[in-house]
Amino acid sequence: MGYIEYSIRTIMDLNFRQNIVRNIKLQSFLVLSVVLFLIKIFFVLPDTFTFKFISELVVILAVISLNFYLLDLMTDKSPNAISLVINIGILDAVIFFLMNFSSSLVNLLLGSSADSSNFLYRLISFIYSYLIIISISFIFLSFRELYFLKRGKRVTTYFNTMTAFFVLFLLSTVLNDFKSLSYIKDTFYVISILLIAINSAKISWIAFLSKRDKIKTLLLSVVIEILFVADLIGSSGTNFHSRIFINFSPALNEFLQLLMIYGIIYFGVLFFTTLFHIPTAEAFDRKQKEVSSLQYFSKLITQVLDFNDLTTTITEISLSASGANSAWIITEGEKEFDTIAIKNIGFVDAKTLTEYILEKIKDVKIKSTSIFNLKDFEKKENIAEKFSSVSITPLKSHNYLRGFLVTAKKEGLGYDEEDIRAIDTFCDYASVSIENSRLLEESIEKERLEKELDLARQIQRKIIPAKNPESKRLDISSIFIPAFEVGGDYYDFFEISESKMAFVIADVSGKGISAAFIMAEIKGIFESLSKTIESPKEILIKANQILKGILDNKNFVSAAYGLFDFTKKTLMLARAGHCPILLLRNNEYVDIRPSGLGLGLDYGNRFRETLEEVTMDLHENDTFVLYTDGVSEAKNAEMEDFGERHFRKILLNNANKESSEISNSVIKEISLFSRNNQQYDDITLVILKWKKENKIDGEKEWQNSTPRLKTTVK
Amino acid sequence: MAEFNTSVKDHGEISTVYLEGYLDAHTAPNLEETFSKLINNGKYKIVANFKDLAYISSAGLGVFMAFIEKVRENDGDIKLSAMNDKVYNIFDLLGFPLLYEIFKTEDEAIKKFDETK
């Protein structure tokens, strides 16, 4: 904040100071003018050297301050050579008219009383002189602008030296009365002329004009040259002008003449320079056009991001660069090739020509623009326009061929070296911008995907229970680690009644947002079914029926559903294609794997017929492990699986610990194992441990140590 | 990450699709395309050879589900063969052996097609 305020204040200060400086210049000019006005009109000064000198000094100072003021006004705008030339011409003409027609005007107004003793005459003389002063000041400053046009900064000294000598020359005219000192004035005069000649010698801005402007300049310079000569003659004779102006200030008349000489020299040089430039004007124009379109193109690279807009612009520009009649771009499409960004040619015609050229370059790898004559093209008659030849240029980036730019010229036109070079240059730029646009699209797509996955993870987080249910008989722990690309894991607990609790674990096939949506559906299905149906088998059958309308044919869901009965001390379980439920009992593990198809694999009777439901009695410290394949398929850097065996071994080693400790040790091992690789799938691990009942149960249970399982253990 | 490739060999009207590498959610579209091409060309008798398949994810299994209906409607089938134990286990867990015929070798699968002709 502080910094910004400070900079704003500095900028304001700067503007303010500039204005003050400018005002001082204007004010000093005005003050000097008033003094001059008083001297020239009210006091007729004695004709002595001192008074003359003072008068001349005031005039010169006034002119200098006017020039400084005008200089500020002019440098605010960026100059244009032609308009400066025209400017000089107009001012020159103004001077011409003032010189030649003011005498008759004054005579008309004042009649015979045109004499310096007449007040009105003096007033008119003053105004006349001031008009001339302003005109010559403008001319001088326009010359200055012209001089600086298209030049480096170092050359300021030449012009400033010349200006200094002008001033010295002006001052020295005061010495006119002393004949013996005239050599001083002459010296300054000669040096000034010399400097004028030097400064007029090289007019570099002509080169940058278009052919039309050059011709315009040529004609203008002739007219202005004549005006300058006329004005020079007018100012050196004895006529009305010289009477008034020399009377006003002899120094200024000398300056006027000097400026006219400058004009004559400058426009003389300008005329000849322009004349010599005209033959090469066309080539220069072309180069100029090329450069400006190149500049335009490099701008495009940063501006046009949309692929379609970009290709259209590329063909448009290649038309103007090569002077071709039609252009289009070939890109590799899904099947063969696509013709896009077609300009000035029908789609079918472009396609026909494309086929022809691609056939021609099939066996040769073209590196730059190639031209093909259409003389032998048999389908030429089918094409609406009569084309004589086509050019084709590869669009490459990072050594990959991205497509081709094709241009076509009508009969009577051909491609010359310049055209080919122009197309080549354009295609270099075009390739870069196409690549940029492609990369941008890719990164947008990537960002979109990441946002989508973010959303999927949010959905998943809301679907999975925030905390484990509290239960008197079950010690429950759960760990869920989502993969970056949401794997579709889901688990849940349902407290059916005081004495019954159900759980479900499921894994939706596929990944990302679609998997997350199916998960949400699954949650809804099991949540509602668990309220009305107890049998895990019936619930899975019902769920399968409902999923028929939800899953498409390549999606399916593996699931396992179980129901704990705390009073009967049993677990009922059914499995629909899910990983087996592991039971840790007496330092052994058992895979509980009743048969059952995954949900969504079959909607007919087969699902019902093959689905098996098991019921098992619960023993104290029975530990049930629910998991998804993310656990056993966690991968290390060598892409090896963590493995079912490894997993079971860790479980057994920790079987006597609390459920949360068991799951933590498994997860610890998994993260150690896969520390050098990313996680590809969700990891879900739920452990349910049948706790000791508060009141001591009979020893009966302990004796019955063999699990009665109706399972197929492989 | 991992690579996945398919190649197809024709034995008369039976086509064998050789699967190689890792078949997961990212590479499944590759197999989908292979099956689509076969079916578009009227090849409905397909044997999938899993000999060089290292891994299959649920999305990979989904590809087989996606085409089986269309193939069977046209008196064809997709028979699976030459799976390693790990891959077989994944199919087995989901109950695929109830839905698909799975053979030890490609030849057995082809023979089965020939028998039922």
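Residues numbered from 1 in each chain as written. Chains lettered and ligands numbered in written order. Predicted model: local features only at pLDDT ≥ 70, side-chain atom pairs only at ≥ 80, totals over all residues. Heavy atoms only, no water.

Visitor: How do you make sense of the interface of chain B and chain A when you look at a structure like this?
Guide: By a widely used convention, the size of an interface equals the accessible area lost when the partners come together. Contacts between the two partners involve 22 residues from chain B, matched on the other side by 29 residues from chain A. A per-residue breakdown of the area chain B buries against chain A is headed by B:L93, B:L94 and B:L98, which together make up 28% of the total. At the boundary of chain B and chain A, one finds three salt bridges. A salt bridge links A:D641 to B:K86, with the shortest nitrogen-to-oxygen separation between them at 3.0 Å. At the level of secondary structure, the elements contributing two or more residues to the side of chain B that touches chain A comprise α2 (58-73) and α3 (85-93) of chain B. With six residues, α2(B) is the single largest residue contributor to the side of chain B that touches chain A. The class makeup of the residues in the side of chain B that touches chain A is 14 nonpolar, five polar and three charged. (Contact = heavy atoms within 4.5 Å. Buried area = accessible area lost by both parts, 1.4 Å probe. Salt bridge = Lys/Arg side-chain N within 4 Å of Asp/Glu carboxyl O. Helix = DSSP H or I, 4+ residues; strand = E, 2+ residues; numbered from the N terminus. Nonpolar A, V, L, I, M, F, W, Y, C, P; charged D, E, K, R; others polar.)

Visitor: Explain the sheet that holds strand β9 (residues 557-565) of chain A to me, please; I cannot follow it from the model alone.
Guide: Sheet strands line up and pair through hydrogen bonds in the backbone, either parallel or antiparallel. All names here are of chain A. Spatial ordering of the open sheet is given by β7-β8-β9-β10-β13, a layout of five strands whose pairing is antiparallel. Strand pairing shows two members of the sheet lacking a second neighbour, β7 (489-497) and β13 (613-617), which therefore form its edges. Recorded for the sheet is a direction-independent mean angle of 15 degrees between the axes of neighbouring strands. Pairing geometry for β9 and strand β10 (residues 570-576), over six bridges, is antiparallel. Paired with F564 across the bridge in β10 is L571. (Pairing = 2+ DSSP bridges. Axes fitted to C-alpha atoms, helices over the stretch in contact; angles between N-to-C directions.)

Visitor: Just checking my understanding: could you explain the confidence of the model for chain B for this structure?
Guide: The predicted coordinates ought not to be read in detail in places where the model reports low pLDDT. Within chain B, residue pLDDT values average 90, and 97% of them lie at 70 or more. Confidence estimates for the predicted assembly give a pTM of 0.56 and an ipTM of 0.90. (pLDDT = per-residue confidence, 0-100.)

Visitor: I'm lost on the environment of A:K472 in this one. Help?
Guide: Mapped onto the elements of the fold, A:K472 is located in the loop between α13 (417-463) and β6 (474-481). Placed 220 residues apart in sequence, A:K472 and A:K692 show a C-alpha to C-alpha distance of 9.3 Å.

Visitor: Help me out: how do you make sense of the sheet that holds strand β3 (residues 45-56) of chain B in this one?
Guide: All names here are of chain B. Strand order in the open sheet formed by five strands is β1-β2-β3-β4-β5, with mixed pairing between adjacent strands. The strands lining the two open edges of the sheet, one partner per strand, are β1 (4-11) and β5 (102-103). Set on the sheet, α2 makes contact with β2 (14-23), β3 and β4 (77-81); between it and β4 the angle comes to about 140 degrees. Lying on the sheet, α3 is in contact with β3, β4 and β5; it crosses β3 at an angle near 115 degrees.

Visitor: How should the packing of aromatic side chains be read in this particular structure?
Guide: One pair of aromatic rings is described through two measures. These are the centre distance and the angle between the planes. In the structure shown here, the tally under the stated rule is 39 aromatic pairs over all chains. When the centroid spacing of 5.5 Å and the interplanar angle of 70 degrees are considered together, the rings of A:F642 and A:F673 count as edge-to-face. Of the two residues, A:F642 is situated in the loop between α17 (629-632) and α18 (644-653) and A:F673 in helix α19 (residues 659-673); the sequence distance between them amounts to 31 residues. Given a relative accessible area of 22%, A:F673 falls into the partly exposed group. Site record: aromatic cluster; members linked through ring pairs are A:F556, B:F35, B:F50, B:F64, B:F67, B:F91, B:F96 and B:Y100. The residue whose ring lies beneath A:K409 is A:Y415, and the NZ or CZ to ring-centre distance is 4.7 Å. In this structure, A:K635 packs its charged tip against the face of B:Y55, placed 4.2 Å from the ring centre. (Phe/Tyr/Trp six-rings, centres within 6.5 Å; stacked < 30°, edge-to-face > 60°. Buried < 20%, exposed > 50% of the residue type's maximum accessible area, 1.4 Å probe, protein only. Lys NZ or Arg CZ within 6 Å of the ring centre and 35° of its normal.)

Visitor: For this particular structure, what's the right way to read the environment of A:I505?
Guide: Residue and element names in this part refer to chain A. By the secondary structure assignment, I505 is in strand β8 (residues 500-508). The buried category is assigned to I505, whose relative accessible area is 0%. For I505 and C579, which are 74 residues apart along the polypeptide, the C-alpha to C-alpha distance reads 9.6 Å. Once you skip the residues sitting within four places of it in the chain, I505 turns out to touch Y490, Y491, S558, A559, A560, H578, L626, Y627, T628 and T684.

Visitor: Explanation requested: the nonpolar core in the structure shown.
Guide: Where a protein is soluble and globular, its nonpolar side chains tend to be buried together. In this structure, A:F526, B:F50, B:I56, B:F64 and B:F91 are the most contacted members of the largest nonpolar core, which totals 71 residues. Per-element accounting of this core gives the leading share, nine residues, to helix α14 (residues 512-532) of chain A. Listed in part, the 69 residues of the second largest apolar core include A:I41, A:V85, A:Y147 and A:L259. (Core = buried A, V, L, I, M, F, W, Y, C linked by side-chain atoms within 4.5 Å.)

Visitor: What should I look at first to understand a nonpolar patch on the surface in this one?
Guide: Residues and elements named next belong to chain A. Together, F49, F51, F53, I54, L57, L61, L168, L171 and F178 make up an exposed nonpolar region whose accessible area comes to about 690 Å². Looking at the nonpolar patch, the elements with two or more residues in it are α2 (49-75) and α5 (156-172). Among the elements that take part in the nonpolar patch, α2 stands out by supplying six residues, more than any other. Residue classification places F53 among the partly exposed positions, given a relative accessible area of 32%. (Patch = residues over 30% accessible without salt bridge, like charges linked within 9 Å, V, L, I, M, F, W, Y side chains within 5 Å. Areas by Shrake-Rupley, 256 points an atom, 1.4 Å probe, with all protein chains shown as cover.)

Visitor: Which parts of the structure should I look at to understand the packing of α5(A) against helix α6 (residues 182-201) of chain A?
Guide: The geometry of a pair of packed helices is captured by two quantities: the angle between their axes and the separation between those axes. Residue and element names in this part refer to chain A. Relative orientation of the contacting elements α5 and α6 amounts to 155 degrees, with a least axis distance of 9 Å. With respect to each other, α5 and α6 are oriented roughly antiparallel. As α5 runs across α6, the sense of the crossing is left-handed. Every residue of α6 that contacts α5 at Y158, F159, T161, M162, F165, F166, L168, F169 and S172 is listed here: I184, K185, F188, Y189, I191, S192, L195, I196, I198 and N199. Of the residues that constitute the contact of α5 with α6, the class distribution is 14 nonpolar, four polar and one charged. (Parallel < 35°, antiparallel > 145°, perpendicular 65-115°, else oblique. Left-handed = near helix turned anticlockwise from the far one by under 90°.)

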